[in-house]
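Each chain is listed here by its residues.
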Amino acid sequence: MPASPVRVAVTGAAGQIGYSLLFRIASGQLLGPDQPVILQLLEVTPALGALRGVVMELEDCAFPLLAGVTTSDDANVAFGDAEIALLVGARPRSKGMERKDLLEANGAIFTVQGKALSDNAAAGIRVLVVGNPANTNALIAQQSAPNIPAERFTAMTRLDQNRAKAQVAGKVGVPVTEVRDLAIWGNHSATQYPDLFHATVGGRPAMDVIGDRTWMEKEFIPTVQQRGAAIIEARGASSAASAASAAIDHVHDWVLGTGDGGWVSMAVPSDGSYGVPEGLISSFPVTCAGGQWSIVQGLEIDEFSRGRIDASAAELGEERAAVRELGLIG
Ligand SMILES: NC(=O)c1ccc[n+]([C@@H]2O[C@H](COP(=O)([O-])OP(=O)(O)OC[C@H]3O[C@@H](n4cnc5c(N)ncnc54)[C@H](O)[C@@H]3O)[C@@H](O)[C@H]2O)c1
Ligand SMILES: O=C(O)C[C@H](O)C(=O)O
């Protein structure tokens, strides 16, 4: 018997990321080739016309797994019985803006959507926040959703992980599949720390294979930290297809498990692991099984890594204080 469809809510569905994401969800890349889905799309009222066009295109793909599509400008409707919510809708930063500038502009969206999820989503709801500043927006939504377990709110750093893997694979000339256990720590921002000390390339310690600490410090880390800005500079718009691809990876692995694929990076509520203050939604290396994530424990953190993890956690603490000041969380 075919599985019953899973309701997947997507906000900002008529935006750039939405335009890549929806087609990949509907084709089975999010939840696997045997799982039908119903897309529940949320947009602001003025974008509903454009969203109608996207829905027409979804219909025109005749995806066998797409069991239905709904659209709404009301979060209470769009999140009804949803089991997965991808919170993409938010204003992207433009040239010269830092993510912090978006806190006030986008934060308010996530109080409303957190409450709407809490009131309307299915009991098993899992939430990925993509809209920036993603970590702190996830915190705002979580704090506005008293009926949803805190650990169901996550933010996306998988794009950073994928970028970091590609940089390493390019540097040493191996396929990306050879690069494993590459963790992103902290905030999805310029303070994030892509950690090569625990990564492997072809089963060997990545730093031994790379053999170039200066490259790691002076090129690799800044390139990954600044990749979003570099894409905005080059494209005149923020990353979209790669962001959608990372969102697919994040939810796929969370729901279906990481198996023997090694660690992945997810921003999840800290339990105090590795000295990251409890409650901050910070990126860690995690593994997933049975629909649950767990932070990889017992890693040795040297002084270099310690300083970078602490700096990114400090930035997340400042963002939390700022949204508290704005009255967006208690
Ligand atoms: N975490 C990451 O790695 C990552 C990567 C890339 C982009 N982003 C972020 O994702 C967000 C979306 O990017 P984009 O390029 O798709 O932007 P976009 O401007 O093309 O699309 C955003 C869409 O969200 C809609 N929207 C705005 N407020 C909304 C609300 N309250 N409810 C529902 N929809 C709403 C807009 O109408 C628009 O269609 C931005 O915040 C961007 O910075 C995050
Ligand atoms: O950097 C941005 O503002 C967009 C996005 O978060 C990215 O990393 O590409």
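Predicted, not measured: the structure shown is a model, and the values here were computed from it.

A. Broad picture of the site of ligand 1. Taken together, the neighbourhood of ligand 1 is formed by 24 residues, with Gln-16, Ile-17, Glu-43, Val-130 and Asn-132 sitting nearest. Gly-15 is positioned with one of its backbone polar atoms (N or O) 3.5 Å from an oxygen atom of ligand 1. In this structure, a nitrogen atom belonging to ligand 1 sits 3.3 Å away from a side-chain N or O atom of Gln-113. Considering ligand 1 on its own, with 860 Å² of exposed area, one finds that the protein chains cover 85% of that surface. Counting residues per element, the ones that place at least two in the shell around ligand 1 are α1 (16–26) and α4 (102–120).

B. Examining helix α8 (residues 213–225) more closely. In this model α8 runs 17 Å from its N-terminal to its C-terminal C-alpha over 13 residues, within 8% of the 18 Å that 1.5 Å per residue would give. At Glu-219, α8 shows its maximal bend, which comes to roughly 25°, and the proline Pro-222 appears one to four places after that position. The complete set of buried residues in α8 reads Trp-215, Met-216, Phe-220, Ile-221, Val-224 and Gln-225. Summarising the contacts, the buried residues of α8 are in contact with α6 (158–172), β9 (193–195), α7 (206–210), α9 (227–235) and α11 (303–325).

C. Structural context of the pairing of strand β3 (residues 66–72). As paired elements, strand β2 (residues 37–42) and β3 share six bridges and run parallel to each other. Residue Leu-42 lies in a different strand from β3, and its bridge partner there is Ser-72. Handedness of the crossover joining β2 and β3 through helix α2 (residues 48–60): right-handed.

D. Spatial organisation of the environment of Glu-278. Inspection of the secondary structure puts Glu-278 in the loop between β12 (264–269) and β13 (281–289). Using a relative accessible area of 60% as the deciding quantity, one classes Glu-278 as exposed. For the pair Glu-278 and Ile-221, spaced 57 residues apart in the sequence, the C-alpha separation amounts to 26 Å. Once you skip the residues sitting within four places of it in the chain, Glu-278 turns out to touch Ser-270, Asp-271, Gly-272 and Arg-320.

E. Just the sheet that holds strand β11 (residues 204–205), in detail. With respect to topology, three strands assemble into an open sheet ordered β7-β10-β11, the strand pairing being antiparallel. Two strands bound the open sheet, and with one partner strand each, they are β7 (179–180) and β11. Here strand β10 (residues 200–201) runs beside β11; their pairing, made up of two bridges, is antiparallel. In the strand pairing of β11, Val-201 is matched with Arg-204.

F. Looking closely at the UniProt feature "binding site: NAD(+)" (unreviewed entry) in the chain. Those residues carrying the UniProt feature "binding site: NAD(+)" (unreviewed entry) are Gly-12, Ala-13, Ala-14, Gly-15, Gln-16, Ile-17, Gly-18, Asn-106, Gln-113, Val-130, Gly-131 and Asn-132 in this numbering. Within this annotated set, the largest pocket is lined by Gly-12, Gly-15, Gln-16, Ile-17, Gly-18, Gln-113, Val-130, Gly-131 and Asn-132. Examined against the element boundaries, Ala-13 turns out to sit in the loop between β1 (6–11) and α1. Since its relative accessible area comes to 0%, Ala-13 is described here as buried. If near-sequence neighbours (up to four positions away) are discounted, Ala-13 is found in contact with Gly-18, Tyr-19, Leu-22, Leu-41, Leu-42, Glu-43 and Leu-51. Position of Gln-16 among the secondary structure elements: in helix α1. When sequence neighbours within four positions are dropped, the list of residues in contact with Gln-16 reads Arg-235, Ala-237, Ser-238 and Ala-240.

About the cut-offs
- Residues numbered from 1 in each chain as written.
- Chains lettered and ligands numbered in written order.
- Predicted model: local features only at pLDDT ≥ 70, side-chain atom pairs only at ≥ 80, totals over all residues.
- Heavy atoms only, no water.
- Near = heavy atom within 4 Å.
- Polar contact = N/O pair within 3.5 Å; in protein donor to acceptor, adjacent residues only side chain to side chain.
- Areas by Shrake-Rupley, 256 points an atom, 1.4 Å probe, with all protein chains shown as cover.
- Helix = DSSP H or I, 4+ residues; strand = E, 2+ residues; numbered from the N terminus.
- Expected span 1.5 Å × (residues − 1).
- Bend = angle between axes of the 7 residues up to and from the residue.
- Buried < 20%, exposed > 50% of the residue type's maximum accessible area, 1.4 Å probe, protein only.
- Contact = heavy atoms within 4.5 Å.
- Pairing = 2+ DSSP bridges.
- Right-handed = clockwise from strand over helix to strand, strands pointing away.
- UniProt positions renumbered as here; feature names shortened; annotations may be inferred.
- 1 Å grid on protein atoms, 1.4 Å probe; cavity = no way out; pocket = protein on both sides within 12 Å on 5 of 7 lines; lining within 4 Å.

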